[in-house]
Amino acid sequence: MFVLELTYTAPLDRVDALSAEHLAWVDAHFAAGTFIASGRKRPRDGGVILAVGGDRAAVEALVAGDPFVAGGVCAYRNTEFAVARTAPGLAEYRE
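Chains are numbered independently. Their residues run from 1 in the order of the written sequence. Owing to the predicted nature of the model, reporting of local features is limited to residues with pLDDT of at least 70; listing and counting of side-chain atom pairs is limited to 80 or more, with chain, interface and lining totals taken over all residues. Just so you know, side-chain values use all the structure's heavy atoms and leave hydrogens and water out.

Draft legend 1. Here's a closer look at the overall build of the protein chain. Runs of H or I in DSSP of at least four residues are treated as helices and runs of E of at least two as strands, each being numbered from the N terminus. Each helix and strand counted, the protein chain has three helices and four strands in total. Reading the helices (α) and strands (β) of the protein chain from amino to carboxyl end gives β-α-β-β-α-α-β. Radius of gyration (C-alpha) of the protein chain: 14 Å, near the 12 Å computed for a compact globule of 95 residues. When the backbone C-alpha atoms are referred to their principal axes, the protein chain occupies close to 40 × 25 × 20 Å. Looking at the protein chain as a whole, 34% of its 95 residues are labelled buried. The criterion used for residue contact is that any of the two residues' heavy atoms lie within 4.5 Å. Excluding contacts between residues fewer than 6 apart, the proportion of contacts in the protein chain whose partners are at least 24 apart in sequence is 68%. The distance from the centre of the 9 positive side-chain charges to the centre of the 12 negative ones in the protein chain is 8 Å. As a reference, a globule follows 2.2 Å times the number of residues to the power 0.38, and the radius of gyration itself is taken over C-alpha atoms. For the exposure calls, accessible area comes from a 1.4 Å probe over protein chains only, and a residue counts as buried if that area is under 20% of its type's maximum, exposed if over 50%, partly exposed in between. When charges are counted, Lys and Arg are positive and Asp and Glu negative, with His and the chain ends excluded. A charged residue contributes its charge at one atom only: NZ of Lys, CZ of Arg, CG of Asp or CD of Glu.

Here is the structure:
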């Protein structure tokens, strides 16, 4: 599993201009089963996505397709971790 941490690198007006495209991209990955949770950070200086499947290279290729990345408004920090414990509803993600 990966924790994908987004940090905005541009003013919020530029981020907001790409938000609809970014959210469509996020929705597509939820539909594909790649993302299992996402949301804005507080304070609003980026976001966090929990992603499953693939290896680091696949995840890096995936985030390169984010309209926020293409638009130059965010940077990603991708942290891989081995899921050892979960709530019962997330047991399928344990390693």
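Draft legend 2. Spotlight on the pairing of strand 1 (residues 2-8). Burial along strand 1 is one-sided: the residues Phe2, Leu4, Leu6 and Tyr8 are buried and none of Val3, Glu5 and Thr7 is. The pairing criterion is simple: DSSP has to find at least two bridges between the two strands. The sheet contact formed by strand 1 and strand 3 (residues 46-51) spans six bridges and is antiparallel. Looking at the pairing, Val3 lines up with Leu50 of strand 3. Note: strand 1 against strand 4 (residues 74-80), seven bridges, orientation antiparallel. Residue pairing for strand 4: Tyr8 is matched across the bridge by Cys74.

Draft legend 3. Quick peek at the nonpolar core. By nonpolar core is meant a set of buried Ala, Val, Leu, Ile, Met, Phe, Trp, Tyr and Cys residues that side-chain atoms within 4.5 Å join together. Residues Leu4, Trp25, Phe35, Ile49, Phe68 and Tyr76 are the most contacted members of the largest nonpolar core, which totals 19 residues. The set of elements that each furnish at least two residues to this core consists of strand 1, helix 1 (12-31), strand 3, helix 2 (56-64) and strand 4. With residues near it in sequence (within four places) discarded, Trp25 still touches Phe35, Ile49, Leu62, Val63, Gly65, Asp66, Pro67 and Tyr76.

Draft legend 4. Representation of the packing of aromatic side chains within the structure. Under the pairing criterion, centres of Phe, Tyr and Trp rings, with the six-membered ring standing for Trp, must be within 6.5 Å; the plane angle then separates stacked pairs below 30 degrees from edge-to-face pairs above 60, leaving the rest tilted. Under the defined criterion, the tally for this structure stands at three aromatic pairs. Geometrically, the ring pair formed by Tyr8 and Phe68 is edge-to-face, given 6.0 Å between the ring centres and 85° between the ring planes. One end of the pair, Tyr8, is in strand 1; the other, Phe68, is in helix 3 (residues 67-70), and 60 residues separate them in sequence. Using a relative accessible area of 15% as the deciding quantity, one classes Tyr8 as buried. Residue classification places Phe68 among the buried positions, given a relative accessible area of 2%. Geometrically, the ring pair formed by Phe30 and Phe35 is edge-to-face, given 6.1 Å between the ring centres and 85° between the ring planes. Classification of Phe30 by relative accessible area gives partly exposed; the value is 32%. An aromatic cluster of three or more residues is present, and its members are Trp25, Phe30 and Phe35.

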